[in-house]
Amino acid sequence: MSWTRRLLVVLVALAAALLAAPAAQAHEERPVTLPDGSGSVPVHRAGEPDLLVCKSDRADFERRISGFPAKLRARNLELFDRCRKSGYRHLQQAVDKVGRPGMNIAILPGLYEEEPSLPRPTGECARLKAPNSQLGYQILSYAQQKQCPHNQNLVAILGKKQLQIEGTGAERTDVVIDAKYQKLNAIRADGSDGIYFKNFTAQRTTFNSLYVLAQDGFVIDDVLTRWNDEYGFLTFASDHGLYKNCESYGNGDSGIYPGSASDINDGYGYDVPRYSIEITGCRSHHNMVGYSGTAGDSVHVHDNEFDHNMGGASMDSAFPGHPGLPQNHARFERNLIHDNNADYYPYVADGTCAKPPVERGYEDGVVCPQISMPPGTGIITAGGNWNIYENNWIYGQQRAAFFLSAVPAFIRGENALAKQVDTSHHNRYAGNHLGTDRAGRSRPNRTDVWWDGQGDGNCWQSDTGPSTPRSLPECGQARGAVSGRTDRLVGEPVKLAQLLVCADYNVQARRLPAGCDWYGARGIERIEVQIALGVALVLVLVGGVVLWWRRLRHSRLAAAATLLGAIGLGLDVAGATTGFASSCLPAVALLLTGAWWTGIGLVLRGERPGLGWTTMVLGVLTLLDAFDKGVLMIPWIPIGPAWVRGLLGVIWVVWAVVASARHGERAVRKRVDPGPGADVDADAADRHGGDGTGAGADTGSGSTDSGPDTHSGSDRRSAPDRDRS
């Protein structure tokens, strides 16, 4: 790494340290390693069950199966008779009897509350020593889970290999496993390679309905999860996984969460040997987010529907403690991602989410968002690499179809300088159907792309609609081909400020950041508008009142340039609002502001060369920034023009104020000094740049100091002439 790039990395890391909110833990688990990949995706077994689970009330059972097709009804009656004689009344009892790999458990229609597992821990289980998570639960080791399986789990499946658990109902809602908000997990499968779940519902937990941890081989088939504080399905540190035909809703984080999927494709480009987890045929709706995955690596997500959440899908590198960071190699294709515009943050603001879970009203549509995220967004990538988003239908999003931002590595606990800019790179958005549904009807997104500008090799399809920035690198036909490719080490400063403000969210403390429109801020309340308005006021005061009035008001060029600048600053404030952020207005505002600085720089350079040339450089940088945002992102530069422009702008403001103040002091001295020849000396000094060091009057520059002379003809004579007279 060259010394210049190393210096930039240091600056980026320092800027990120200032702009990053304290890291939160979305999911905390004991230290685990990823599987070795020697397993396989299990296959459904259709033979006779080895173990049966049912309830004992025959009348209730017959009522539940009364609407089944005749053949299925007869089969369930047969299984019920067998279960009454030799089966179990609770799923956990059957799991405990599994004595060899490859056994099948059949659960007959009914409501399973697993009453023996519900009581609070007692004895040694109530005194386990383990670290606490930020959410308050203990992070238990595997040995502690074995010792006390129901401290956190309604049903604990620990170390059972090739186990199949299947409901025998006509629909997945015929078998319901209900934790009644008394357990962290409804079902936990831990170290149980080859497990197969099919045809049932799990619900109402203080964390996850169905949790699969540290497994090589699992299938989730036709399972419904709902009404959980965090996740519907959580699979973590696993390989050879398959979700199919599943559904999830009413979850405070995501319906589907393949976190820390096996990082088998690290080091590859777009072409990979295989994916660790496949998700297909599922629907995830009315959650905080439909799909999410910190370190969701090597996941193939296709032919699903994510709708009516706050966000459709999200993957990130923002939380420490997840193997496989930074996130990489997710592939999304042929998914329906639409109408993800729910806003559940008011339930946090009004105190609903501060109540015990059983009192919150999850069953009536309440969701308590666990982390910060931009509502109204289709796919969010917060610090990911080599992801492919192709041939998806993304429409009806009130914020953006695609949202891409970087996450510095220290957020996830990695402090090496070389890692601080290791996201987001080589994300490909191509061939998607933006703003139209499958029937071809127009359902536009407010913005198709929101990007902070950081990263190398990111590209978008050429037919994107409104975007911020307006100019985007375009994807070629071949994966990896990019037109207008950029490699920025850091995103745009105003967008980083927005992310900083918006990240300061805490559901437990009921802290919703002021200034962030994710949580309802509008107009002047938004941090972007506040920044634009603050900058405009400072520049109007310094450039329009102080500098122009004291030094430039007699110059027509300066007057015209200042008028353009005032218009540009006004448009900049308007362009910071939600309605215009993805339009051409921000670039036009920069164009006019750049013309202002360039014009007054031309006027100033004759009498104040240093300030004049600095002002012109500032104008050129602003024009470059307008070109960068509105026409073509400038390649080969490690940071955007906005960073240099902002730093130079601070220097310019101070310099302009000092120069104008000194000019005012000289004018006062000229009026009050009665000494012989003082008025002439002051006038001469003024014509020579104001401090006696100028290069002479510049009559062609439009300088105010070479404007009309108010002295009499005798006063314009030299001192010797006056003496002679």
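Residue indices follow the written sequence of each chain, beginning from 1 at its first position. Given that this is a predicted model, residues contribute local features only at a pLDDT of at least 70 and side-chain atom pairs are listed and counted only at 80 or more, while totals for whole chains, interfaces and linings are drawn from all residues. Water and hydrogen atoms were dropped before computing side-chain values, which therefore reflect all heavy atoms in the structure.

## Considering the side chain of E114
Put simply, the rule reads: Strands here mean DSSP runs of E at least two residues long; helices mean DSSP runs of H or I at least four residues long; both are numbered from the N terminus. Here the term buried applies to any residue with accessible area under 20% of the maximum for its type, exposed to any over 50%, and partly exposed to those in between, with areas from a 1.4 Å probe on protein chains only. Here the positive residues are Lys and Arg and the negative ones are Asp and Glu; neither His nor the chain ends is included. What counts as a salt bridge is simple: a side-chain nitrogen of Lys or Arg found within 4 Å of a carboxyl oxygen of Asp or Glu. Polar contact is defined as a pair of N or O atoms within 3.5 Å, subject to the rule that within protein one atom must be able to donate a hydrogen and the other to accept it, and that residues adjacent in sequence are counted only when both atoms are side-chain atoms. Pairs of residues are marked as contacts when any of their non-hydrogen atoms sit within 4.5 Å.
Along the chain, E114 turns up in the loop between β3 (110–112) and α5 (142–147). Lacking a salt bridge, the buried E114 has K55 as its closest oppositely charged neighbour, with an N-O distance of 5.6 Å. A polar contact is formed between the side chain of E114 and the backbone nitrogen of L91, at a distance of 2.7 Å. Excluding residues within four positions of it along the chain, E114 makes contact with H90, L91, Q92, L154 and V155.

## So, the side chain of R226
Along the chain, R226 turns up in strand β10 (residues 216–228). It is E247 that comes nearest to the buried, bridge-free R226 among opposite-charge side chains, at 7.7 Å. Not counting residues up to four positions away in its chain, the partners in contact with R226 are T173, T201, A202, Q203, R204, S209, Y249 and N251.

## Side note on the state of the cysteines
To keep it simple, the criterion reads: Throughout, a disulfide means two cysteine sulfur atoms within 2.5 Å of one another.
Going through the model one piece at a time under the given rule, you end up with 6 disulfides. In this model, C54 is linked to C83 through a disulfide, with the two sulfur atoms separated by 2.2 Å. Its S-S torsion of about -105° marks the bond between C54 and C83 as left-handed, since a negative value means left-handed. Here the residue C54 occupies a position in the loop between β1 (51–53) and α2 (58–65), and C83 occupies one in helix α3 (residues 70–86), the gap between them amounting to 29 residues. Here C54 and C83 have matching classes, each one buried. For C459, the disulfide goes to C475, at an S-S distance of 2.0 Å. On the sign convention where negative is left-handed, the bridge of C459 and C475, at about 100° about the S-S bond, is right-handed.

## Structural notes on the packing of α2 against α3
Each pair of packed helices can be described by the angle between their axes along with the distance between the axes. Using the following cut-off: Axis lines are fitted to C-alpha atoms, over the contacting stretch for helices. Their N-to-C directions set the angle, which ranges from 0 to 180 degrees. Any angle from 65 to 115 degrees is called roughly perpendicular, while one under 35 is roughly parallel, one over 145 is roughly antiparallel, and all others are oblique. Helix crossings get a hand from a simple test, with the near helix turned counterclockwise from the far one by less than a right angle marking a left-handed crossing and a clockwise turn marking a right-handed one. Charged means Asp, Glu, Lys or Arg here, nonpolar means Ala, Val, Leu, Ile, Met, Phe, Trp, Tyr, Cys or Pro, and polar covers whatever is left, Gly included.
At a closest axis distance of 10 Å, the pairing of α2 and α3 adopts a crossing angle of 160°. As the angle between them shows, α2 and α3 are arranged roughly antiparallel. Of the two elements, α2 crosses α3, and the hand of that crossing is right-handed. Residue-level contacts link R58, F61, E62 and I65 of α2 to R73, N76, L77, F80, D81 and R84 of α3. Along the lines of polarity and charge, the residues of the contact of α2 with α3 split into 4 nonpolar, 1 polar and 5 charged.

## Examining the sheet that holds strand β17 (residues 289–294)
Through backbone hydrogen bonds, the strands of a sheet pair up, either in parallel or in antiparallel fashion. We count it as follows: Here, strands pair whenever DSSP counts at least two bridges between them.
Taken in spatial order, the 11 strands of this open sheet run β4-β7-β9-β11-β14-β17-β20-β24-β28-β31-β34, and their pairing is parallel. Of all strands in the sheet, those bounded by a partner on one side alone are β4 (153–158) and β34 (467–468). Looking at chain direction, strand β28 (residues 400–405) and strand β31 (residues 449–451) are connected through 3 bridges and run parallel. Its bridge partner being in β31, F402 is matched across the sheet by V449. Here helix α7 (residues 493–503) sits on the sheet in contact with β28, β31 and β34, set at roughly 90° to β31.

## Brief notes about a nonpolar patch on the surface
Going by this rule: Residues form patches when they are more than 30% accessible in relative terms and have no salt bridge. Like charges link within 9 Å. Nonpolar side chains (Val, Leu, Ile, Met, Phe, Trp, Tyr) link within 5 Å. The accessible surface values rely on the Shrake-Rupley method and a 1.4 Å probe; as for residues, cover is taken only from the protein chains in view.
On the surface, a cluster of nonpolar side chains totalling about 240 Å² of accessible area is made up of V540, L541 and V545. Take V540: it is sitting in helix α8 (residues 527–552). By relative accessible area, which is 39% here, V540 ends up partly exposed.

## Digging into the packing of aromatic side chains
Selection criterion: Working definition: rings of Phe, Tyr and Trp (its six-membered ring) pair if their centres are within 6.5 Å, and the pair is stacked with planes under 30 degrees apart, edge-to-face with planes over 60 apart, and tilted otherwise. In our convention, an over-ring charge means Lys NZ or Arg CZ found within 6 Å of a ring centre and within 35 degrees of that ring's normal.
With the rule as written, the count across this model stands at 29 aromatic pairs. Ring centres of F61 and F80 lie 4.4 Å apart, and the angle between their planes is 10°; on these two criteria the pair is classed as stacked. Taken together, the residues F61 in helix α2 and F80 in helix α3 connect sequence positions 19 residues apart. Note on accessibility: F61 and F80 belong to one class, buried. Between F233 and Y243, the aromatic rings sit 6.0 Å apart at their centres with planes inclined by 90°, giving edge-to-face as the arrangement. Here the residue F233 occupies a position in strand β11 (residues 231–236), and Y243 occupies one in strand β12 (residues 239–244), the gap between them amounting to 10 residues. Exposure class is identical for F233 and Y243. Each is buried. An aromatic cluster of at least three residues, connected via ring pairs, comprises Y291, F306, F332, Y389, F402, Y429, W451 and W460. It is K495 that lies over the ring of W450; its NZ or CZ is 5.0 Å from the centre.

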